[in-house]
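A closer look at the structure
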Amino acid sequence: MKKEIKYLIMLIMFFFTVNLSAQEGLQISDVFQYYGKEHGSTMVQLSSEILSSYNMTLYISLSFHPSTKGNKGLDWVTDCINQDKKRAKKIKETMLDGKLQSGYYQLSQIQKGTNRFILFKINQKQKATLIYIEGSLDSAELVTMLFNKK
Amino acid sequence: MTKKENIRKLLDKYFEGSTSCKEEQLLRNYFTSCNIPEDLKVYKPIFEYMDEQAKEVSTTKKTSISHNIFLHYTWGAIAATLLLILGFTAYNNFNHSNNNYVIINGEKYTNVRLAQQQAQKAFDEVSFSKDDVTNDLIPEDMKEGFE
């Protein structure tokens, strides 16, 4: 009986492990959460059934104007990105006057074959765009997609 | 009829194999008691043994029943847990289909086409052109020379 209970516990643990959201545990999830429902923001989430042709399983984007008041402004956003950057395998950034203008980060795989990317850009009108991508696509595929867009 | 005569009759019936359970119980009770006449003492070991056997069977039955109840509840609990997991997975899968959405100014829309358009728009924002690459590589003060 103990054996059966052990298997049951393992099954439950496996189930919950598999269902853990990949984005959770990243600091940028706070940014999505904070600005996602703000006036003037647009947040999109797409899942695997729509993204399969792009080899993505999750796509979350947020277009927003970082607050100029309070402690949740652009500095906080870049701090969150910098926290997640520590786990990045690949980093490409452009800075202006010491401030982050755009960033491309490939994080460590959440599980074998599942890559994670964070993309960030702030334009001249101070409109920021933050994207989190998860899927089997690799860095080269994503860069090709990004490069072909304009 | 005396008790002894009654027992003798029951004994005859017992050896003929026609006693009821109740009568056998009476015989066992009688022969496991202390006051047994000498002429009947010869049957005492038989009924003592039978009594022991009856008690053993009864204990085994009880153990078996409690074991069955335990198994019943354990498997019931396992089945309920599995059902719960399956239900949760199904709910998750159902929710997954609602995982495509766009929130504009705090309003949530599940229109997939709109979500795709907005996703594309955001992706375009972070994408870059050859000009962007050149601009990043060449410092501002040197650009005039190139133009």
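The rules behind these values
- Residues numbered from 1 in each chain as written.
- Chains lettered and ligands numbered in written order.
- Predicted model: local features only at pLDDT ≥ 70, side-chain atom pairs only at ≥ 80, totals over all residues.
- Helix = DSSP H or I, 4+ residues; strand = E, 2+ residues; numbered from the N terminus.
- Buried ≥ 20, exposed ≤ 12 C-beta atoms within 10 Å, placed from the backbone.
- Pairing = 2+ DSSP bridges.
- Core = buried A, V, L, I, M, F, W, Y, C linked by C-beta atoms within 7 Å.
- Contact = placed C-beta atoms within 7 Å.
- Axes fitted to C-alpha atoms, helices over the stretch in contact; angles between N-to-C directions.
- Expected span 1.5 Å × (residues − 1).

1. With respect to the overall build of chain B
The helix and strand inventory of chain B stands at six helices and two strands. Listed by position from the N terminus, the elements making up chain B come as α-α-α-β-β-α-α-α. When the 147 residues of chain B are sorted by exposure, 10% land in the buried category.

2. As for the pairing of strand β5 (residues 114–122) of chain A
Residue and element names in this part refer to chain A. Judged by how many residues are buried, β5 sits mostly within the fold: eight of nine residues are covered. Here seven bridges tie strand β4 (residues 99–111) to β5, and the two strands are oriented antiparallel to one another. The residue bridging Leu-107 from the neighbouring strand is Arg-116, located in β5. Between β4 and the antiparallel strand that follows it, β5, lie two residues; Gly-113 among them carries a positive phi value of about 90°. Of the strand pairs in this sheet, β5 and strand β6 (residues 128–135) are connected by eight bridges, and their pairing is antiparallel. Bridging from a neighbouring strand, Lys-121 pairs with Thr-129 of β6. Connecting β5 to the antiparallel partner β6 that follows it, the hairpin turn spans five residues, and Gln-126 within it adopts a positive phi of roughly 60°.

3. Observations concerning the pairing of strand β3 (residues 88–96) of chain A
For β3(A), the buried fraction is low: zero of the nine residues fall into the buried class. Here β3(A) hands over to β4(A) after two residues, with Asp97(A) in that stretch at a positive phi of 50°.

4. Considering the nonpolar core
Ile28(A), Val31(A), Val44(A), Ile118(A) and Ile131(A) are the most contacted members of the largest nonpolar core, which has 39 residues in total. Those residues in contact with Val44(A) that sit more than four places away from it in its chain are Ile60(A), Ser61(A), Val102(B), Ala115(B), Gln118(B), Ala119(B) and Ala122(B).

5. What about the sheet that holds β3(A)?
On the basis of which strands lie adjacent, the open sheet formed by eight strands has the order β3(A)-β4(A)-β5(A)-β6(A)-β2(A)-β1(A)-β1(B)-β2(B) and antiparallel pairing. With one partner strand each, in any of the chains shown, β3 of chain A together with β2 (107–109) of chain B form the two edges of the open sheet. Going across the sheet, the axis of each strand differs from the next one's by a mean of 10°, ignoring polarity. Strand direction decides the pairing type here: strand β2 (residues 56–64) of chain A and β6(A), joined by eight bridges, are antiparallel. Pairing of Phe64(A) across the sheet is with Ala128(A), part of β6(A).

6. So, unusual backbone geometry
Phi at Asp97(A) takes a positive value of approximately 50°, unusual for a residue other than glycine. Relative to the elements of secondary structure, Asp97(A) occurs in the loop between β3 and β4. The backbone of Asn105(B) sits at a positive phi, close to 50°, despite the residue not being glycine.

7. Examining helix α4 (residues 74–85) of chain A
Between its first and last C-alpha, α4(A) extends 16 Å over 12 residues, near the 16 Å set by a 1.5 Å rise per residue. Those residues of α4(A) hidden inside the fold are in contact with α2 (28–35), β4, β5 and β6 of chain A.

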